[in-house]
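Residue-level structural notes
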Amino acid sequence: MAIIGFVGLGNMGNPMMRNLLKAGHRVKAFDVSMAAVEAARQSGAEGAATAADAARDVDAVVTMLPAGHHVRAVYTAENGLIAAARPGTLMIDCSTIDVESARAVSAAATAAGLEMVDAPVSGGVGGAAAGTLTFMVGGADAAFERAQAILQAMGKAVIHAGPAGNGQAAKICNNMILGVTMIATCEAFSLAAKLGLDAQKLFDISSKSSGQNWSMTSYCPVPGPVPTSPANRDYQAGFTAAMMLKDLKLAQQAAAASGAATPLGASAEALYAMFCNGGDADRDFSGIFKLLNGKA
Ligand code: NAD
């Protein structure tokens, strides 16, 4: 079993860290929130006084931080993770961040004699608690092999997407599909209602026709057809609209930097910005049905 530093013990990081403990790993945990470190201690982790302390004399470090600038700072600061880790330490960043930051931090880690993968997740807080996350991993083959053993303690699927940054690329491409198909599904249910077509009937037909998609069949944005979907509990998240907006912004940033044409991704970003700015940032992202249906 490994000794693992864990930095970023929030909604996702805390349950992920607990699954590492459950798998028998020793964990040194750090967060800027003392309360988060204390909670980790009560779960059986050792508390670290700084991020550097969590990275010293460990086999691997896992980070789960809010955004790219946090990841850059925590890794590359003078007293950051890269400076503190001994050569050969495996660095695993599970945060969702921009591809450019992921590649820059990975290059800095590699130059310092460390191995690194970016490994953003799909599955949300429920998946983090249940240990059923999907990890999309970018990095060299050898780093991926080492990371797999650790990531399997926190997830059900660990997929190598290619070199550094490709885990983030996979994550934003996937979530751009999700944002766009959610809006398309909402528009279809809204139009159906105006045409006098019952939501359950549209579901029964489209879920078996070419309009079928995950947003409809697993996460239906209208109440009724899928009893487990947030639409049946007034769009309590789930996956918040703010998180979806964050990922759509990252996708647009990457599209602009790479010259990809993503007009539907851009429209989805604008609609989610409107939904969030209207006070619904904390609602489930499927709640955008209310905006598109004129009831936000
Ligand atoms: P969160 O805000 O709950 O947790 C982030 C944690 O990082 C906080 O505890 C914060 O105190 C800590 N932190 C911030 N700066 C720090 C620093 N410099 N040093 C140490 N700790 C620091 O966020 P979350 O929901 O756990 O999300 C974490 C990442 O996972 C994000 O990148 C998010 O996009 C991604 N993600 C979240 C979900 C979800 O459903 N919540 C799903 C998939 C991916």
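Just so it is clear, the structure is predicted and the values come from calculations on it, not from any experiment. (Residues numbered from 1 in each chain as written. Predicted model: local features only at pLDDT ≥ 70, side-chain atom pairs only at ≥ 80, totals over all residues. Heavy atoms only, no water.)

**So, the pattern of salt bridges**
The condition is simple: Only one rule defines a salt bridge in this text: a Lys or Arg side-chain nitrogen within 4 Å of an Asp or Glu carboxyl oxygen. Every helix listed is a DSSP run of H or I at least four residues long, and every strand listed is a run of E at least two residues long, numbered separately from the N terminus. Exposed residues in this analysis have more than 50% of their type's maximum accessible area, buried residues have under 20%, and partly exposed residues fall in between, with area computed by a 1.4 Å probe over protein chains only.
The tally for this structure, following the rule as stated, stands at ten salt bridges. We note a salt bridge from Asp59 to Arg86, for which the minimum N-O separation is 3.4 Å. Of this pair, Asp59 sits in the loop between helix H3 (51–55) and strand E4 (60–63) while Arg86 sits in the loop between helix H5 (81–84) and strand E5 (90–93), and the two are 27 residues apart along the sequence. Ionic pairing is found between Asp280 and Arg283, a salt bridge with its closest N-O pair at 3.0 Å. By relative accessible area, which is 13% here, Asp280 ends up buried. The partly exposed category is assigned to Arg283, whose relative accessible area is 24%. Beyond isolated ion pairs, a larger network of salt bridges with shared partners links Asp234, Asp280, Arg283 and Lys290.

**Focus: the packing of helix H9 (residues 166–194) against helix H12 (residues 241–258)**
Short version of the rule: For helices, the axis comes from a line fit to the C-alpha atoms of the stretch in contact; other axes are also lines fit to C-alpha atoms, and the angle between any two N-to-C directions lies between 0 and 180 degrees. Throughout this description, any angle smaller than 35 degrees is read as roughly parallel, any larger than 145 degrees as roughly antiparallel, any in the 65 to 115 degree range as roughly perpendicular, and the remainder as oblique. Should the near helix be turned anticlockwise from the far one by less than a right angle, the crossing is termed left-handed; should it be turned clockwise, right-handed. Contact criterion: two residues are considered in contact whenever any of their non-hydrogen atoms come within 4.5 Å of each other.
Contact geometry of H9 with H12 gives a least axis separation of 9 Å together with a crossing angle of 120 degrees. Regarding the angle of H9 to H12, the classification is oblique. In the crossing of H9 with H12, the sense of the turn from one axis to the other is left-handed. Together, Lys171, Ile172, Asn175, Met176, Leu178 and Gly179 of H9 and Met244, Asp247, Leu248, Leu250, Ala251, Gln252 and Ala254 of H12 make up the contact between the two elements.

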